Structure formats: structure tokens, C-alpha cells
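So you can see what is in the structure, the chains are spelled out below.
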Amino acid sequence: MKKIAAFILILAILCSLLTACGEQKSSDASPPQDTSSVEAAAPLESGEWDELTHRLLADWYGYLIRCEYFYGDLRWALSYLTPFFEDHSWDSLQIARAAMAASKRRAEHVKEQAFEKQMTLEDYDKFIRSGADVSAIQVVIDSIPTLVDDTLLTYQNYRDFVNSPTENLFSTYNLSCLEEWARLERQIYDIHLHDTAVETDYLLLSLNSQSEKDRFVTAIEEKCPQINAWRSENPKDKEGLEKLSSELLTELQSLTNDMSSLVGKMRTGLNLEKEASETDTFEQYVDRMAADVANLKDFPIALPYPDWWYEEDNETFFYSWNSPLYGTDEESGPRSFIAPGDTVNVPPDEFNVDWVGVSLEDYLAYVDLLEKSYHIPAQYTVEKEGRYITSYELPSFSSALVWEENNVALYVLDGAVCFAPPWYIYYSQHSDS
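For the structure given in this document, a descriptive report is provided here. (Residues numbered from 1 in each chain as written. Predicted model: local features only at pLDDT ≥ 70, side-chain atom pairs only at ≥ 80, totals over all residues. Heavy atoms only, no water.)

A look at the sheet that holds strand β5 (residues 387-393)
Selection rule: Any two strands between which DSSP finds at least two bridges are classified as paired. Segments assigned H or I by DSSP are reported as helices when at least four residues long, segments assigned E as strands when at least two residues long, and all are numbered from the N terminus. Every axis in this analysis is a line fitted to C-alpha atoms, fitted for helices over the stretch in contact. Angles between the N-to-C directions lie between 0 and 180 degrees. The contact criterion used is simple: two residues touch if any of their non-hydrogen atoms lie within 4.5 Å.
Pairing is antiparallel across the open sheet formed by 6 strands, whose spatial order is β2-β3-β7-β6-β5-β4. Strands at the two margins of the open sheet, each flanked by one partner only, are β2 (315-320) and β4 (380-384). Going from strand to strand, the sheet's axes swing by 15° on average, the running direction of each strand aside. Pairing analysis gives 8 bridges linking strand β6 (residues 397-404) to strand β7 (residues 407-415), with the strands arranged antiparallel. What sits directly across from V402, in β7, is A409. Against the sheet, helix α14 (residues 360-374) makes contact with β4, β5, β6 and β7, and its axis sits at roughly 15° relative to β5, the strand it touches most.

Points about a negative patch on the surface
Applicable threshold: The patches described consist of residues with a relative accessible area above 30% and no salt bridge, like charges being joined within 9 Å and nonpolar side chains (Val, Leu, Ile, Met, Phe, Trp, Tyr) within 5 Å. Here the Shrake-Rupley method, with its probe set to 1.4 Å, supplies the accessible areas, and only the displayed protein chains count as covering residues. For this analysis, a salt bridge means a side-chain nitrogen from Lys or Arg found within 4 Å of a carboxyl oxygen belonging to Asp or Glu. His residues and chain termini do not enter the charge count, which takes Lys and Arg as positive and Asp and Glu as negative. All charge positions are set by atom: Lys at NZ, Arg at CZ, Asp at CG, Glu at CD.
Among the surface-exposed residues, E311, E312, E361 and D362 lie close enough to one another that they form a single negatively charged patch. Position of D362 among the secondary structure elements: in helix α14.

What about helix α9 (residues 210-223)?
The condition that has to hold: Expected span, for any helix, means 1.5 Å times one less than how many residues it has. The classification of residues rests on relative accessible area computed with a 1.4 Å probe and restricted to protein chains. Under 20% of the type maximum is buried, over 50% is exposed, and intermediate values are partly exposed. Along the arc lie the directions from the helix axis toward the C-beta atoms.
A rise of 1.5 Å per residue sets the reference length of α9, with its 14 residues, at 20 Å; its end C-alpha atoms lie 20 Å apart and thus fit the reference within 8%. Among all positions of α9, only E212, F216, V217 and I220 are buried. Taken down its axis, α9 places every buried residue within 130° of arc, on the same side. More than 90 degrees from the buried face of α9, the exposed residues found are Q210 and E222. Against the buried residues of α9 lie α2 (46-79), α8 (172-207) and α10 (225-231).

By themselves, these are just geometric observations and shouldn't be taken as functional.
If you want it as C-alpha cells, here you go:
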């Protein structure tokens, strides 16, 4: 079944995530051991020292900005799942989905920004030969491409849990797994942010340049508020920082073990599901799933997931608000979108989703499926210059489904609609009757 194939993808992604967490922490978690006792082979003049310090901190600042955006934005997005776990409501889910979409877009934007290092191998060699304890910094900065890839992999994992045909939202068992996953993820990103703060303070102590330190700290106080907040709890000496980093590593290893256990639990559930599904009729499958159906509240009319959504991660969501989130402001004007770090208390008024790589045949087949199998007829379908527009007007929502050049877009113009697996739609229709 399509559900099984999609769930296998989740497990593969989770396993990759666990590997990435372990590898990344082992490479960048602990500050390097103090080498100040080693005799300096080539001491630098103060002017050259300050120049190299400035370049190294510029590279480190580029790394911190990415950690702030990637780890910090993930924490922010995950925090909006907590209200949904408490009330299981459509409004809470839409806020969480909007947060995910906003933070993912920024991660993708940051990925496109080229990072040009100012430090050379020769610069690092000069520092190390002069006794500066910066041997691990080069490795960490060089890990930025891996950091980017791991972050986008996590968004894929988040998407598979929260907004995909893998159906996790619709069963109590899978929803409980999602809640545990989100809890562990937030703790993991707390550790990454805290450890980055530890590395930063260790580096500043190693460089021992007050003027460059003051300038750097001012910058991260403004641009990296989450990392900077963790700095207030850090020890002020190298030994204390080394000890704290070791403690953070131990804590991360424990969380990784917990995540591995969760993956094992999900794998066991998947195997049982596969065995039971092999002989089920559709009616038997619905009856069995109904025994574990999640208690979702105020969910709107459900549409079946299009077949093309099962194939790959090919959808992009956009959420907007018709009213300002922060009241009326004549200078800034109405605010109709959110950015990572915003406080969001009300669900979006509208959303649309774009899919790429969808044939006209598949588009028309989906329109036909809605009418014949789900009794949702189109008000009209028009074609003009290779662009197809199908309009739907129902008491609960109005929308337009548009195909053009192998791209499909769904615009929810009024009301609300959710996508759901066929069994859930069948169950909902019959449980209401």
C-alpha cells in the first residue's frame, strides 16, 4: 500500500537523522583541548594577530548565523506543534504547518547564499603555530554544507509527519509517535544551540583579543539572540567550558538512544501494519484503522491525497493572513505572512499549495476522482491557452485547482479543506451519518 511505502521513507529519514546527529556532534561538539602550554613556534605580531582574529571571527559569525537560522528556526517551528498535541484542533495544526513552511523557506533561502571563507589554510597554520587553540574551528566551519543538508533532511522528516500522505495525523498511535519525536527534536536543537554557544566562548578565550571580542559579541547579541542567550549560562574559563561540552555530548547521546528506540517502535508498528494489510479488504482496513482513529477536532471537509503527492516531496505550501498579526500600523502596513521567530496566535486565513511535475492526465484524473468517487463535482473547468482552471464551490469552502506547464496549484479561497487518506474520508462520512 502507498501508506507502507511512505512510512518506510520516514524510517529511512529518521535513521539518517540519527546518524547525522551523532556524526555532527562528534566533529563539532567539544572545544579542542588547551594547547597553550605548547611552545609557540612562530609568534605573531599584535597587528597580524588582530587581523587574523578578525578574519576568523568573520568566518565563525557566518557559521553562527546558519546555526541560529537552522537550529533556532527548527525549534521555533516545532514549538507550534505543542498546542496541537494538547487540543488536536485544525486551527492549531494550521499554525504549526504555517510555521514549518516559513522556517523551511528560510532554510532553503540560506542554502542558496554562498559562504566565502576568509581564512586560508596558511592562516590557520600561523594561528596554531603561534599557540592559538583554533585547530577544531576549521573543521566546524568546513561542516557548513553538511549542516545545511542535515537541516533540510529534518524538514523532510517534519513534512512526512505533519503534512503528507503518510497518515500520521489520523491515528492515535502514530500521533503519539509524532509527539515523542517533536519532544526529542526540540531537546536536540537546544543542545546544538547551547554547544555552539560553548564553542563560541571557548574561541573568544583562545583568541584573547578584547577589541575583536567586543565587536563580535555586539554582532551576535543582535543577530544570534538564541545562541547568545545560552552564553549567559556558560562558565567563564576553558576548563569549565570543556566540562560543559562533555556533559552536553553525554546528554545528546542519551537523546539519540531515545530517538533510536522511537524508530524501533515505529518499525515494529510498520511491520504489524504490513502483515495485517496484506489480506484486508478496503472495508476491513477501514474498520481496523477506525479502532485507532485520532480524536481530531473541527477538521474541515477532507479531500483525498492526489496520487502525485505520494511519489516525492514535490509540494510547497504558502499561508497568509488577511489581517495584521500585530494590529494596525500605518507605517508598516498589514502583515499577511509570518517569519521564523514571530509569535502566532491565530491560524492563517488562506493557504495554497503548489506541486511540480504533474501531468495533465493526472490532473484531469484527480478532478474526475473527486466527482465520481467522493461526490465533489466541479462548478466548472475551463481551458485557455494551455491553462486549466477547475473551480469548486461548496457550503464549507471554495477553491480553484489550476494546471499549467506540468505544475498544479490549489488555491483555497474561502473556508478550509484538509487532505486525508481514503480510509479516513470513508470513516468520517460514515461516522457522521
